[in-house]
Amino acid sequence: MTKWDKRFLKLAKEIATWSKDPSTQVGAIAVRDKRIIATGYNGFPKGIEDNARTLEDRPAKLRLMVHGEMNMIFNAVEHGVSLKDSTVYVWGLPVCEDCFKGLIQVGVSRVVMPSIEEHGKRWKLGCEFGKCKMEHVGIQVDQYNMYHVWSWDTPGKYMAEDHYNLKQSFDKEHGDEIEECENGY
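## Considerations on the overall build of the protein chain
Here comes step 1: In terms of regular secondary structure, the protein chain is built from nine helices and five strands.
Here comes step 2: Within the protein chain, the proportion of its 185 residues that are buried is 47%.
Here comes step 3: Of all intrachain contacts in the protein chain linking residues separated by at least 6 positions in sequence, the fraction that spans at least 24 positions is 64%.
Here comes step 4: On the protein chain, roughly 10,400 Å² of surface is accessible, and the fraction owed to carbon and sulfur atoms is 51%.

## Concerning the packing of helix α5 (residues 99-106) against helix α7 (residues 124-136)
Here comes step 1: As a packed pair, α5 and α7 sit with axes 9 Å apart at the nearest point and diverge in direction by 15°. Taken together, the axis directions place α5 and α7 in an arrangement best described as roughly parallel. Here the hand of the crossing between α5 and α7 comes out right-handed. Contacts from Phe-100, Leu-103 and Ile-104 of α5 reach α7 at Phe-129, Gly-130, Lys-133 and Met-134.
Here comes step 2: Looking at side-chain class alone, the contact of α5 with α7 contains five nonpolar, one polar and one charged residues.

## As for the nonpolar core
Here comes step 1: Core analysis: the biggest nonpolar cluster contains 26 residues, and Met-72, Leu-83, Val-95, Leu-103, Val-111 and Met-134 have the highest contact counts within it.
Here comes step 2: For this core, the elements supplying multiple residues, two or more each, are β1 (27-32), α4 (68-78), β3 (87-91), α5, β4 (110-114) and α7.
Here comes step 3: In terms of residue count, α4 provides more of this core than any other element does, four residues in total.
Here comes step 4: The next biggest cluster of nonpolar side chains, apart from the first, holds 13 residues, and it includes Met-1, Ala-12, Ala-16 and Met-146.

## Some remarks on the pairing of β1
Here comes step 1: The buried fraction of β1 is high, at five of six residues.
Here comes step 2: In this sheet, strand β2 (residues 35-41) lies alongside β1 in antiparallel orientation, the contact comprising six bridges. Paired with Ile-29 across the two strands is Thr-39, which belongs to β2.
Here comes step 3: Counted along the chain from β1 to the antiparallel partner β2, the turn is two residues long, and its residue Asp-33 has a positive phi close to 55°.

## A short note on the pattern of salt bridges
Pairing between side chains of opposite charge can happen when their charged atoms approach one another.
Here comes step 1: Scanning all chains against the criterion turns up eight salt bridges.
Here comes step 2: With a closest N to O distance of 2.7 Å, Lys-46 and Glu-78 form a salt bridge. With Lys-46 in the loop between β2 and α2 (52-56) and Glu-78 in helix α4, this pair connects stretches of sequence that are 32 residues apart.
Here comes step 3: In this structure, Lys-131 and Glu-135 form a salt bridge, with 3.2 Å as the shortest nitrogen-oxygen distance. Of this pair, Lys-131 and Glu-135 both sit in helix α7, separated by four residues, roughly a single helical turn.

## Topic: the sheet that holds β1
Here comes step 1: As summarised here, the arrangement of the five strands in space is β2-β1-β3-β4-β5, forming an open sheet in which the pairing is mixed. With partners counted over all chains shown, the strands left at the sheet margins are β2 and β5 (140-144), one partner each. Neighbour to neighbour, the strand axes of the sheet diverge by 15° on average, direction disregarded.
Here comes step 2: The sheet contact formed by β1 and β3 spans five bridges and is antiparallel. Across the sheet, the residue bridging to Gly-27 is Trp-91, located in β3.
Here comes step 3: Sitting on the sheet, helix α1 (residues 3-16) touches β1, β2, β3, β4 and β5, and the angle it makes with β3 is about 50°.
Here comes step 4: Across the sheet, α7 is in contact with β4 and β5; its angle to β5 comes to roughly 140°.

Procedures and definitions
Think of each chain on its own: its residues are numbered from 1, step by step along the sequence as written. Note on the predicted model: pLDDT of at least 70 is required for a residue's local features to be given, and 80 or more for side-chain atom pairs to be given and counted; whole-chain, interface and lining totals, by contrast, use all residues. Computation of side-chain values covers all heavy atoms of the structure but excludes hydrogens and water. Each helix corresponds to a stretch of at least 4 residues labelled H or I by DSSP, and each strand to a stretch of at least 2 residues labelled E; elements are numbered beginning at the N terminus. Relative accessibility thresholds used throughout: buried, under 20% of the residue-type maximum; exposed, over 50%; partly exposed, between the two (1.4 Å probe, protein chains only). Between two residues, a contact is recorded if the distance between any of their heavy atoms is within 4.5 Å. Surface exposure here means Shrake-Rupley accessible area, sampled with a 1.4 Å probe, where a residue is shielded only by the protein chains that are shown. Every axis in this analysis is a line fitted to C-alpha atoms, fitted for helices over the stretch in contact. Angles between the N-to-C directions lie between 0 and 180 degrees. Throughout, the term roughly parallel applies to angles under 35 degrees, roughly antiparallel to angles over 145, roughly perpendicular to angles from 65 to 115, and oblique to all others. Working rule for handedness: look at the near helix, and if it is turned counterclockwise from the far one by less than a right angle, call the crossing left-handed; if clockwise, right-handed. Lys, Arg, Asp and Glu make up the charged group, whereas Ala, Val, Leu, Ile, Met, Phe, Trp, Tyr, Cys and Pro make up the nonpolar group; the residues left over, Gly among them, are polar. The set of buried Ala, Val, Leu, Ile, Met, Phe, Trp, Tyr and Cys residues whose side-chain atoms join them within 4.5 Å is what this entry labels a nonpolar core. A strand pair is defined by DSSP finding two or more bridges across the two strands. Note on definitions: salt bridges are taken to be side-chain nitrogens of Lys or Arg within 4 Å of carboxyl oxygens of Asp or Glu.

Following this line, the structure appears as C-alpha coordinates:
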(Lines give C-alpha, C1' and ligand atoms only; values in the text may rest on other atoms or scores of the structure.)
Protein backbone atom coordinates (compact mmCIF):
# COMPACT_ATOMS: atom_id res chain seq x y z
CA MET A 1 0.00 0.00 0.00
CA THR A 2 1.47 3.33 -1.06
CA LYS A 3 1.46 6.58 0.88
CA TRP A 4 -1.19 7.84 -1.58
CA ASP A 5 -3.39 4.81 -0.90
CA LYS A 6 -3.17 5.58 2.81
CA ARG A 7 -4.00 9.25 2.25
CA PHE A 8 -7.05 8.44 0.14
CA LEU A 9 -8.26 5.83 2.62
CA LYS A 10 -8.06 8.44 5.38
CA LEU A 11 -10.23 10.70 3.24
CA ALA A 12 -12.73 7.88 2.56
CA LYS A 13 -12.86 7.30 6.33
CA GLU A 14 -13.62 10.98 6.90
CA ILE A 15 -16.33 10.98 4.24
CA ALA A 16 -17.89 7.92 5.92
CA THR A 17 -18.50 10.09 9.01
CA TRP A 18 -20.92 12.21 6.97
CA SER A 19 -23.42 9.32 6.99
CA LYS A 20 -26.26 9.65 9.48
CA ASP A 21 -26.68 5.87 9.75
CA PRO A 22 -26.26 5.11 13.46
CA SER A 23 -24.86 1.60 12.88
CA THR A 24 -22.74 1.70 9.72
CA GLN A 25 -20.85 4.49 8.01
CA VAL A 26 -19.39 3.82 4.56
CA GLY A 27 -17.38 6.32 2.53
CA ALA A 28 -16.15 5.99 -1.04
CA ILE A 29 -13.96 8.20 -3.19
CA ALA A 30 -12.88 7.87 -6.80
CA VAL A 31 -9.40 9.05 -7.72
CA ARG A 32 -7.61 9.50 -11.02
CA ASP A 33 -4.08 10.88 -11.38
CA LYS A 34 -3.93 11.52 -7.62
CA ARG A 35 -7.00 13.77 -7.83
CA ILE A 36 -10.34 13.10 -6.16
CA ILE A 37 -13.03 13.12 -8.84
CA ALA A 38 -16.08 11.87 -6.87
CA THR A 39 -17.19 11.10 -3.33
CA GLY A 40 -20.10 9.30 -1.71
CA TYR A 41 -21.35 7.95 1.60
CA ASN A 42 -24.29 5.78 2.61
CA GLY A 43 -27.50 7.70 3.07
CA PHE A 44 -31.07 8.06 1.93
CA PRO A 45 -31.93 9.33 -1.57
CA LYS A 46 -32.25 13.07 -2.05
CA GLY A 47 -35.52 14.44 -0.75
CA ILE A 48 -36.14 11.61 1.73
CA GLU A 49 -35.75 12.83 5.28
CA ASP A 50 -33.23 10.85 7.29
CA ASN A 51 -34.95 11.23 10.63
CA ALA A 52 -34.04 9.23 13.75
CA ARG A 53 -37.21 7.14 13.64
CA THR A 54 -36.47 5.79 10.16
CA LEU A 55 -32.75 5.39 10.80
CA GLU A 56 -33.47 3.29 13.90
CA ASP A 57 -36.02 1.08 12.08
CA ARG A 58 -33.57 -1.37 10.49
CA PRO A 59 -35.93 -2.86 7.84
CA ALA A 60 -37.09 0.60 6.73
CA LYS A 61 -33.54 1.95 6.78
CA LEU A 62 -32.18 -0.91 4.66
CA ARG A 63 -34.91 -0.43 2.05
CA LEU A 64 -34.03 3.25 1.69
CA MET A 65 -30.24 3.24 2.08
CA VAL A 66 -28.08 4.12 -0.93
CA HIS A 67 -24.65 2.59 -0.47
CA GLY A 68 -21.58 4.83 -0.43
CA GLU A 69 -20.18 3.39 -3.67
CA MET A 70 -23.45 3.94 -5.53
CA ASN A 71 -23.82 7.46 -4.13
CA MET A 72 -20.28 8.18 -5.39
CA ILE A 73 -21.31 6.98 -8.86
CA PHE A 74 -24.54 9.01 -8.77
CA ASN A 75 -22.63 12.12 -7.66
CA ALA A 76 -20.13 11.69 -10.50
CA VAL A 77 -22.96 11.33 -13.05
CA GLU A 78 -24.76 14.37 -11.67
CA HIS A 79 -21.62 16.45 -12.24
CA GLY A 80 -20.69 14.95 -15.61
CA VAL A 81 -17.58 13.16 -14.31
CA SER A 82 -16.43 9.90 -15.89
CA LEU A 83 -15.08 7.28 -13.47
CA LYS A 84 -13.39 5.31 -16.23
CA ASP A 85 -9.91 4.10 -15.21
CA SER A 86 -10.24 5.50 -11.69
CA THR A 87 -9.31 3.90 -8.39
CA VAL A 88 -12.10 3.68 -5.83
CA TYR A 89 -11.25 3.73 -2.13
CA VAL A 90 -13.91 2.37 0.24
CA TRP A 91 -14.05 2.65 4.02
CA GLY A 92 -16.57 0.92 6.29
CA LEU A 93 -17.56 -2.30 4.52
CA PRO A 94 -16.27 -4.26 1.52
CA VAL A 95 -17.98 -3.75 -1.83
CA CYS A 96 -21.24 -5.74 -1.79
CA GLU A 97 -22.97 -7.96 -4.32
CA ASP A 98 -24.95 -4.98 -5.64
CA CYS A 99 -22.35 -2.21 -5.75
CA PHE A 100 -19.79 -4.23 -7.70
CA LYS A 101 -22.08 -4.04 -10.71
CA GLY A 102 -22.02 -0.25 -10.72
CA LEU A 103 -18.23 -0.16 -10.35
CA ILE A 104 -17.87 -2.50 -13.33
CA GLN A 105 -20.34 -0.52 -15.43
CA VAL A 106 -18.58 2.82 -14.95
CA GLY A 107 -15.18 1.33 -15.82
CA VAL A 108 -13.12 1.67 -12.64
CA SER A 109 -9.72 -0.01 -12.87
CA ARG A 110 -8.95 -0.62 -9.19
CA VAL A 111 -10.86 -0.97 -5.93
CA VAL A 112 -9.25 -0.66 -2.49
CA MET A 113 -11.69 -1.97 0.11
CA PRO A 114 -11.85 -3.42 3.62
CA SER A 115 -10.92 -7.08 3.93
CA ILE A 116 -13.90 -9.35 3.30
CA GLU A 117 -12.59 -11.87 5.81
CA GLU A 118 -12.24 -9.27 8.58
CA HIS A 119 -15.08 -6.88 7.77
CA GLY A 120 -17.59 -8.71 5.55
CA LYS A 121 -19.82 -9.61 8.50
CA ARG A 122 -23.05 -11.27 7.39
CA TRP A 123 -22.43 -10.20 3.79
CA LYS A 124 -19.22 -12.20 3.24
CA LEU A 125 -20.64 -14.47 0.53
CA GLY A 126 -22.03 -11.58 -1.50
CA CYS A 127 -18.83 -9.57 -1.10
CA GLU A 128 -16.73 -12.54 -2.24
CA PHE A 129 -18.99 -12.93 -5.27
CA GLY A 130 -18.63 -9.23 -6.12
CA LYS A 131 -14.84 -9.37 -5.70
CA CYS A 132 -14.65 -12.42 -7.95
CA LYS A 133 -16.68 -10.72 -10.66
CA MET A 134 -14.67 -7.49 -10.47
CA GLU A 135 -11.44 -9.45 -10.84
CA HIS A 136 -12.97 -11.47 -13.68
CA VAL A 137 -13.45 -8.29 -15.73
CA GLY A 138 -9.93 -7.05 -14.93
CA ILE A 139 -10.48 -4.73 -11.98
CA GLN A 140 -7.62 -4.92 -9.49
CA VAL A 141 -9.04 -5.49 -6.00
CA ASP A 142 -6.85 -4.73 -2.97
CA GLN A 143 -8.07 -5.38 0.57
CA TYR A 144 -6.92 -3.93 3.88
CA ASN A 145 -7.74 -4.40 7.56
CA MET A 146 -9.45 -1.36 9.11
CA TYR A 147 -8.67 -2.54 12.65
CA HIS A 148 -4.94 -1.98 12.30
CA VAL A 149 -4.32 1.74 12.59
CA TRP A 150 -0.57 1.01 12.57
CA SER A 151 -0.91 0.03 8.92
CA TRP A 152 -1.18 3.75 8.06
CA ASP A 153 2.51 4.15 8.90
CA THR A 154 3.80 1.05 7.12
CA PRO A 155 5.96 2.03 4.12
CA GLY A 156 5.67 0.40 0.71
CA LYS A 157 3.13 -2.02 -0.64
CA TYR A 158 2.40 -3.78 2.62
CA MET A 159 -0.99 -4.53 4.05
CA ALA A 160 -2.22 -5.88 7.37
CA GLU A 161 -3.12 -9.14 5.65
CA ASP A 162 0.54 -9.52 4.65
CA HIS A 163 1.65 -9.13 8.27
CA TYR A 164 -0.69 -11.83 9.53
CA ASN A 165 -0.35 -13.96 6.40
CA LEU A 166 -4.10 -14.31 6.43
CA LYS A 167 -5.42 -16.94 4.10
CA GLN A 168 -9.08 -17.03 3.22
CA SER A 169 -10.47 -20.29 4.45
CA PHE A 170 -13.76 -21.27 2.94
CA ASP A 171 -16.20 -23.82 4.17
CA LYS A 172 -17.72 -26.19 1.60
CA GLU A 173 -20.71 -23.97 0.86
CA HIS A 174 -18.58 -20.84 0.51
CA GLY A 175 -16.01 -22.59 -1.66
CA ASP A 176 -18.81 -23.85 -3.90
CA GLU A 177 -19.88 -20.25 -4.54
CA ILE A 178 -16.37 -19.19 -5.52
CA GLU A 179 -15.98 -22.26 -7.73
CA GLU A 180 -19.23 -21.37 -9.46
CA CYS A 181 -17.96 -17.83 -10.01
CA GLU A 182 -14.74 -19.11 -11.55
CA ASN A 183 -16.81 -21.31 -13.87
CA GLY A 184 -18.63 -18.27 -15.20
CA TYR A 185 -21.92 -18.44 -13.33
